Amino acid sequence: MKLGEGVEAAIHCAATLASVKGNSTMPGAALAESFGLSPSYLLKHLNMLTAERILESVPGPAGGYRLARPAERITLLDIVLAIEGREPAFRCGEIRQRGPVKIDASAYVKPCGINAAMLKAERAYRATLAETRLSDIVADYEAEGDPRSFAASCAFIARNQRPQKSAATKQI
């Protein structure tokens, strides 16, 4: 099964945003810079994550992106489905019923064994992604990642996060 580069970018961005403090945001351009991606390419994926309520987009000059819910409540499956869609990766076209060796349709009453095997594998794959929370990925990186990489990531976040005024501050 091959997932698009957008899935990798989406998971990395969500993991980065999990480390942004409080209700602060990070601009899409900074996220793109962080991973060496085109801002327009990444924006498409950030918008998909926003549409699925994984991210929240805050407008304005001090705006950007932040997680829409705690990292403990976001799974890798949530992110993959937001980017790749909900359709199974394998789609059986029933090609066994075409070509010169096809026979009467009554011979094909049982489901295609290949389709059944592929859907079983997809269920296992999705179950594993559903068990893996974004917070698990972040915790593993903090505990097992190279300290230099972790320090560089923290410094990048500190430089690029944008604190947001709270609702109480805006009313004063």
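Calculation notes
Residues numbered from 1 in each chain as written. Predicted model: local features only at pLDDT ≥ 70, side-chain atom pairs only at ≥ 80, totals over all residues. Heavy atoms only, no water. Helix = DSSP H or I, 4+ residues; strand = E, 2+ residues; numbered from the N terminus. Buried < 20%, exposed > 50% of the residue type's maximum accessible area, 1.4 Å probe, protein only. pLDDT = per-residue confidence, 0-100. Contact = heavy atoms within 4.5 Å. Salt bridge = Lys/Arg side-chain N within 4 Å of Asp/Glu carboxyl O. 1 Å grid on protein atoms, 1.4 Å probe; cavity = no way out; pocket = protein on both sides within 12 Å on 5 of 7 lines; lining within 4 Å. Points joined across faces, edges and corners; volume = space filled by probe spheres on them. Nonpolar A, V, L, I, M, F, W, Y, C, P; charged D, E, K, R; others polar.

A closer look at unusual backbone geometry
Here is step 1: In the Ramachandran plot, R53 falls in the positive-phi region, its phi being about 60 degrees despite a non-glycine side chain.
Here is step 2: With respect to the helices and strands, the residue R53 is situated in the loop between α3 (39–51) and β1 (55–58).
Here is step 3: The phi dihedral of E94 is positive, around 50 degrees, even though this residue is not glycine.
Here is step 4: With respect to the element layout, E94 can be found in the loop between α4 (76–84) and α5 (113–131).
Here is step 5: Residue classification places E94 among the partly exposed positions, given a relative accessible area of 25%.

Focus on the confidence of the model for the protein
Here is step 1: Summary statistics for the protein give a mean pLDDT of 91 and a share of 95% for residues scoring 70 or more.
Here is step 2: Ignoring residues within four places in sequence, the model shows residues 168–172, a span with pLDDT below 50, making one contact including any to other chains.

Overview of the pattern of salt bridges
Here is step 1: Going through the model one piece at a time under the given rule, you end up with seven salt bridges.
Here is step 2: Residue D146 pairs with R148 through a salt bridge whose shortest N-O separation is 2.7 Å.
Here is step 3: Residue classification places D146 among the partly exposed positions, given a relative accessible area of 32%.

Concerning the layout of surface pockets
Here is step 1: Looking at the largest pocket, its volume works out to about 350 Å³.
Here is step 2: Lining the largest pocket are 17 residues, with H12, A15, T16, Y141 and S153 sitting closest to its centre.
Here is step 3: Listing elements by their share of the lining of the largest pocket, those giving two or more residues are α1 (5–18), α6 (134–144) and α7 (147–160).
Here is step 4: In terms of residues, the lining of the largest pocket owes the most to one element, α7, which gives six residues.
Here is step 5: The residue inventory of the lining of the largest pocket, partitioned by class, reads 11 nonpolar, five polar and one charged.

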